[in-house]
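Residue-level listing of the chains:
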Amino acid sequence: MAGHRSERRWRAFYTRLGVGTLALSLLAAPAGSAAPLPLEQLPDGMPLGSSVEVLEDSSGRRTLEEIRADSDGWRTAETGMASFGYTDSAYWLRFRIENDSDEPQPRMLRVANHGLDQLEIYAIRGDRIETALTGDARRFSQRPSAHREFLFPITVAAGEQVELYVRAKSTGSLQIPLELWTYPGFYQQDQKTLLGFGILFGVLGMIILYNLVLFAATRQATYGLLVLFALAVTLNSLAIQGTGFQFLWPESPGWNQFATPASMMGGALFVVLLARNFLQLGLAHPLANRIGLVLISLTAGLLLLLPIAPFPLYHWLSMLTVALVSVTLVSLAWWRWQNGFTAARYYLVGWGAFFSGVGLTLLNRSGAIPANVWTENGVAGGMVLMLLGFSLALADRAKMVHDRAAVLSDGVQRQLGVSTDLNPNAERFRDQSPVDDVTGLANRRRFAEVYTTERRRNSRMSRDLSLLMIDVDDFQRVIAEYGIDTGSVCLRVLGDRFQRRLSRPGDLVARFGSEIFTVLLPNTTEEGAQILAESIRTIVESKPVEVDGDMIELTVSIGMATEHGRPNDWRDLLGAAESALLRAQQAGRNRVELADLGPAAKLLAD
């Protein structure tokens, strides 16, 4: 091990020595006639930006002959990468390479920018000129090397000098990073990049497939939106890395130029829709809901503007929009977490991973950290981890719903035990008050007694019996923001509103649990119960509860079940209403869901 470390130290020393010698030779060369680059002294993959000369062609139409004849416009590049920002000009770069050895030297010239619209390479060997024309605005088949990157093979004969001219023009940011590689060095580095791509797209594929299966099984919009967002991330990665142009749309250079901004803005739109659904902004607070709608309108509008907007303007607008969306959604998720929506913590972890990936890429671009397969693909890796965080958040929310269902189901079973005299303490419960202390409505014990009586009567008389199970949406937010006393006032007001919607003496409203109410409707058809349920939902949504000057906006989710004639199982009606309520909550809340008691109940009714 010590010998290997010593060998690496000496190799690094000689590399630095070679680079230093090369830099001194370039500094000593007169302006406008840079010394040729000795191939044997160039480290593999060395950036050539500061070793080339640059000339601006403001017209964008000058020929190679005109450029070669120009002796005044050339200047030495000042940085390691020729970067000119957004410009309508074409830029020319030139440098010379030489082979002082006795053997031919094959090299690979790499232009490490996938977004250049027009890229031309001219290799001048005496009176012979070799030409390669490529770029994103040309078909993939026109590239000199069938590779996702711009690669130009050059073989320099023993004792030969080759003068190279590079012309680039683009509607995007014009950066022309030039590197020279040996074939073994490039392909060794390229294999590591391909390994990273395999991991990236493999994880993306698993995320898409997993959530697609969940969406097909549950029909919940949140899973579908996560699939769409993951597809946008995948398309963006394919476009940025060049693999999409290489394998998916090689004959469509027009689409290739739109693929990156379209997938980016599409991803922004889907991530806003996902956040609004997952964080339940429509139920959390009116202002949060309006913010979500504004972001949806903004991202959708920019997506529609893509075909007609000037690219530089569109680039900056899209960057600002993505930054605004990111900061806003993180702030909303933090607020929801602080107000009791615990599933938001994994959502925030996902955003944290994304920002970490962006930070790695920016540090790499600035030269603060070395380039490798991870730092160069920090944004893509961050987005994959972001998707994993979102998937965990959805799983955590599903667990919350399951736990709540278990508590609700336990309450149903315990109450049914009292109502059917299966509980040995039934006589003790009958001695307690039948009135709920907070709302003044019937409590669970009283509901259980009436429920049992009505079902027995229903079985004898073959009538319809309907049941509503009502849950106040996100009621813990009210408790967290306004306190328990205010929450009790809200429950009393809602209970009074439910009671006022009933018109018959036999109908019963009861407080079944913490913020759960039941409405028992004897001799009521499914259509009649549905009309009542929708009227209850509408009155709660449209009329806020006023408590000490605060207008508290509330909504309810309602599960509804109707038993037609003789019951086939004493648990069916209440259990069906419970299941319908859970479906209403999972589908986004503030809605009425109808239960299906199954074929057995329908046969008995017939």
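Residues numbered from 1 in each chain as written. Predicted model: local features only at pLDDT ≥ 70, side-chain atom pairs only at ≥ 80, totals over all residues. Heavy atoms only, no water.

## Some details on the overall build of the protein chain
- Regarding its fold elements, the protein chain presents 18 helices and 20 strands.
- Here the protein chain holds 606 residues, and the buried ones make up 49% of them.
- Taking the contacts inside the protein chain whose residues are at least 6 apart along the sequence as the reference set, 73% of them involve residues at least 24 apart. (Helix = DSSP H or I, 4+ residues; strand = E, 2+ residues; numbered from the N terminus. Buried < 20%, exposed > 50% of the residue type's maximum accessible area, 1.4 Å probe, protein only. Contact = heavy atoms within 4.5 Å.)

## Some remarks on helix α17 (residues 572-586)
- Between its first and last C-alpha atoms α17 spans 21 Å; for 15 residues at 1.5 Å apiece the expected length is 21 Å, and the two agree.
- For α17, every residue scored as buried is listed here: L573, L574, A576, A577, E578, A580, L581, L582, A584 and Q585.
- Positive phi appears at G588, one or two residues downstream of α17, with a value of about 120°. (Expected span 1.5 Å × (residues − 1).)

## Quick notes on the packing of helix α6 (residues 253-278) against helix α9 (residues 311-338)
- Relative orientation of the contacting elements α6 and α9 amounts to 25°, with a least axis distance of 11 Å. Classified by the angle their axes make, α6 and α9 are roughly parallel. α6 and α9 meet at a crossing whose hand is left-handed. Counted together, P261, M264, M265, V271, V272 and A275 of α6 and F311, Y314, S318, M319, T321, V322, V325 and L329 of α9 form the full contact between these two elements.
- Of the residues that constitute the contact of α6 with α9, the class distribution is 12 nonpolar, 2 polar and no charged. (Axes fitted to C-alpha atoms, helices over the stretch in contact; angles between N-to-C directions. Parallel < 35°, antiparallel > 145°, perpendicular 65-115°, else oblique. Left-handed = near helix turned anticlockwise from the far one by under 90°. Nonpolar A, V, L, I, M, F, W, Y, C, P; charged D, E, K, R; others polar.)

## Some thoughts on the confidence of the model for the protein chain
- Averaged over the protein chain, the pLDDT score is 81; the fraction of residues at 70 or greater is 82%.
- Per-residue pLDDT stays below 50 along residues 1-32; that stretch engages in 17 contacts with residues further than four places along the chain or on separate chains.
- Every residue in residues 599-606 scores below 50 in pLDDT, and together they form 8 contacts with partners more than four places removed in sequence or on other chains. (pLDDT = per-residue confidence, 0-100.)

## What to know about the packing of helix α13 (residues 444-461) against α17
- Close contact between α13 and α17 brings their axes to 11 Å; oriented N to C, the two are set at 120°. It follows that α13 is oblique to α17 by the angle criterion. Listed contacts from α17 to F447, Y451 and R455 of α13 are D572, L573 and L574.
- Split into classes, the residues belonging to the contact of α13 with α17 amount to 4 nonpolar, no polar and 2 charged.

## Overview of the packing of aromatic side chains
- Within this structure, the stated rule accounts for 20 aromatic pairs.
- Centre to centre, the rings of F140 and F245 are 5.7 Å apart; their planes meet at 80°, and the pair counts as edge-to-face. With F140 in the loop between β9 (128-134) and β10 (150-156) and F245 in helix α5 (residues 243-247), this residue pair connects regions lying 105 residues apart in the sequence.
- One aromatic cluster in this structure is built from F229, F278, Y347, W351, F354, F355 and F390. (Phe/Tyr/Trp six-rings, centres within 6.5 Å; stacked < 30°, edge-to-face > 60°.)

## A few points about helix α3 (residues 183-218)
- Taking 1.5 Å of rise per residue, the 36 residues of α3 would be expected to cover 52 Å, and the 52 Å separating its terminal C-alpha atoms lies within 8% of that figure.
- You can read the cap of α3 off the contacts: a side-chain oxygen lies 3.2 Å from the backbone nitrogen of G185, and it is on T182.
- Two residues or fewer after α3 comes R219, characterised by a positive phi angle close to 60°. (Polar contact = N/O pair within 3.5 Å; in protein donor to acceptor, adjacent residues only side chain to side chain.)

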